[in-house]
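The chain contents come next:
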Amino acid sequence: MSTASGARSAPGRREADAKETREALIGAALELFAERGYADVGTEEIVARAKVTRGALYHHFEDKRDLFRAVFERVEADLMERIGATMGAAEGPWELMVAGMRSFLDACEEPAVKRISLTDAPAVLGWVEWREIDNRHGLGLTRAALEGAVAAGVLRPIAVDPMAHLLVAALSEAAFVIANAEQPRKARAEVERALLQLVEGLRA
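Turning to the overall build of the chain, a few remarks are in order. Helices and strands together make up the secondary structure of the chain, namely nine helices and zero strands. Scanning the chain from its N terminus toward the C terminus, one meets helices and strands in the order α-α-α-α-α-α-α-α-α. Looking at the chain as a whole, 42% of its 204 residues qualify as buried. In the chain, the proportion of contacts linking residues at least 24 apart, taken out of those at least 6 apart, comes to 70%. For the chain, the computed accessible surface area is about 10,800 Å², with 55% contributed by carbon and sulfur atoms. Of note, the chain has its 26 positive side-chain charges centred 2 Å away from the centre of its 32 negative side-chain charges.

In this section: the nonpolar core. Soluble globular proteins tend to bury their nonpolar side chains together. Counting residues in each nonpolar core, the largest one holds 64 residues, and the members touching the most others are Phe-33, Ile-46, Leu-67, Phe-68, Val-71 and Ile-116. Once you skip the residues sitting within four places of it in the chain, Val-71 turns out to touch Ile-26, Ala-29, Leu-30, Phe-33 and Ile-116.

This part takes up unusual backbone geometry. The backbone phi angle of Lys-51 is positive, close to 60°, even though this residue is not glycine. Judged by relative accessible area, Lys-51 falls into the exposed class, the value being 74%.

In this section: the pattern of salt bridges. One pass over the structure, following the stated rule, counts 19 salt bridges. Between Arg-69 and Asp-66 there is a salt bridge, and its shortest N-O distance comes to 2.5 Å. Pair noted here: Arg-69 and Asp-66 are both in helix α4 (residues 64–88), with a separation of three residues, about one helical turn. On the basis of relative accessibility, which here comes to 21%, the residue Arg-69 falls in the partly exposed class. Here Arg-143 ties to Asp-161 by a salt bridge, and the two come within 2.9 Å at their closest N and O atoms.

The next subject is empty space enclosed by the protein. All chains considered together, the criterion is met by two cavities of 30 Å³ or more. Of the volumes computed, that of the largest cavity is approximately 300 Å³. Lining the largest cavity are 19 residues, with Gly-100, Met-101, Gly-138, Thr-142 and Leu-171 sitting closest to its centre. If you list the elements that add at least two residues to the lining of the largest cavity, you get α4, α5 (93–107), α7 (127–151) and α8 (160–180).

Bringing the environment of Val-75 into the picture now. Along the chain, the position of Val-75 falls in helix α4. Using a relative accessible area of 7% as the deciding quantity, one classes Val-75 as buried. Considered as a pair, Val-75 and Ile-116 are 41 residues apart in the sequence and their alpha carbons are 7.9 Å apart. Setting aside its immediate chain neighbours within four residues, Val-75 contacts Leu-30, Ala-112, Val-113, Ile-116 and Ser-117.

This part covers helix α6 (residues 111–125). Bending of α6 peaks at approximately 30° at the position of Thr-119, with proline Pro-122 no more than four residues after it. For α6, the full list of buried residues reads Ala-112, Val-113, Ile-116, Ser-117, Leu-118, Asp-120, Ala-121, Pro-122, Val-124 and Leu-125.

Per the counting criterion, the structure on display carries six aromatic pairs. Between Trp-127 and Trp-130 the ring centres are 4.9 Å apart and the planes differ by 35°, which places this aromatic pair in the tilted class. Of this pair, Trp-127 and Trp-130 both sit in helix α7, three residues apart, which is roughly one turn of that helix. Ring centres of Trp-130 and Phe-176 lie 5.4 Å apart, and the angle between their planes is 40°; on these two criteria the pair is classed as tilted. Of the two residues, Trp-130 sits in helix α7 while Phe-176 sits in helix α8, which places them 46 residues apart along the sequence. The exposure class assigned to Trp-130 is buried, which follows from its relative accessible area of 1%. By relative accessible area, which is 12% here, Phe-176 ends up buried. Clustering of aromatic rings is evident, with ring pairs tying together Phe-33, Tyr-38 and Phe-68.

The rules we used
Residues numbered from 1 in each chain as written. Predicted model: local features only at pLDDT ≥ 70, side-chain atom pairs only at ≥ 80, totals over all residues. Heavy atoms only, no water. Helix = DSSP H or I, 4+ residues; strand = E, 2+ residues; numbered from the N terminus. Buried < 20%, exposed > 50% of the residue type's maximum accessible area, 1.4 Å probe, protein only. Contact = heavy atoms within 4.5 Å. Areas by Shrake-Rupley, 256 points an atom, 1.4 Å probe, with all protein chains shown as cover. Lys, Arg positive; Asp, Glu negative; His and termini not counted. Charge placed at Lys NZ, Arg CZ, Asp CG, Glu CD. Core = buried A, V, L, I, M, F, W, Y, C linked by side-chain atoms within 4.5 Å. Salt bridge = Lys/Arg side-chain N within 4 Å of Asp/Glu carboxyl O. 1 Å grid on protein atoms, 1.4 Å probe; cavity = no way out; pocket = protein on both sides within 12 Å on 5 of 7 lines; lining within 4 Å. Points joined across faces, edges and corners; volume = space filled by probe spheres on them. Bend = angle between axes of the 7 residues up to and from the residue. Phe/Tyr/Trp six-rings, centres within 6.5 Å; stacked < 30°, edge-to-face > 60°.

Next up, the structure:
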């Protein structure tokens, strides 16, 4: 009985170990990419920090670029989770939209978001893939916020789907302005005012 039980549990243990190794690689790469950028980090340093072998890295990822894609996906997913939590605490549909926007702009000054999402990702992955991943994570949250505001009568009737795409694009451009500014805090305040003026134009 114990042998059979052990045989059944072995695949589950292997899956858990594999997941742990993959998470260690993503976590180590995220830290290093945020500290110094994609180009200045080698795979040897990543596996050393993750405490795994090079073979483990290439078992889970095709190459350094593939690992970077997973890191970028993690940064985006974590960011959207935090923004969603901020929006969930808002008192009304308009406050929810503004809270989400401000939370996103605040994050643009964080090293991981600034370096990985806004600096390296477009260059490493290419504009098309960067945009696809960025939209996949941010578009749904933006669309839901707009739908809620329209349904509550806070915004006038609009074509929600194209407006969500346009708003995500505006937020992305605002993020690039902050990331590339000599004075990020000043740039953040300026783009926030501009974005508020933009969405104010949609109010009912």
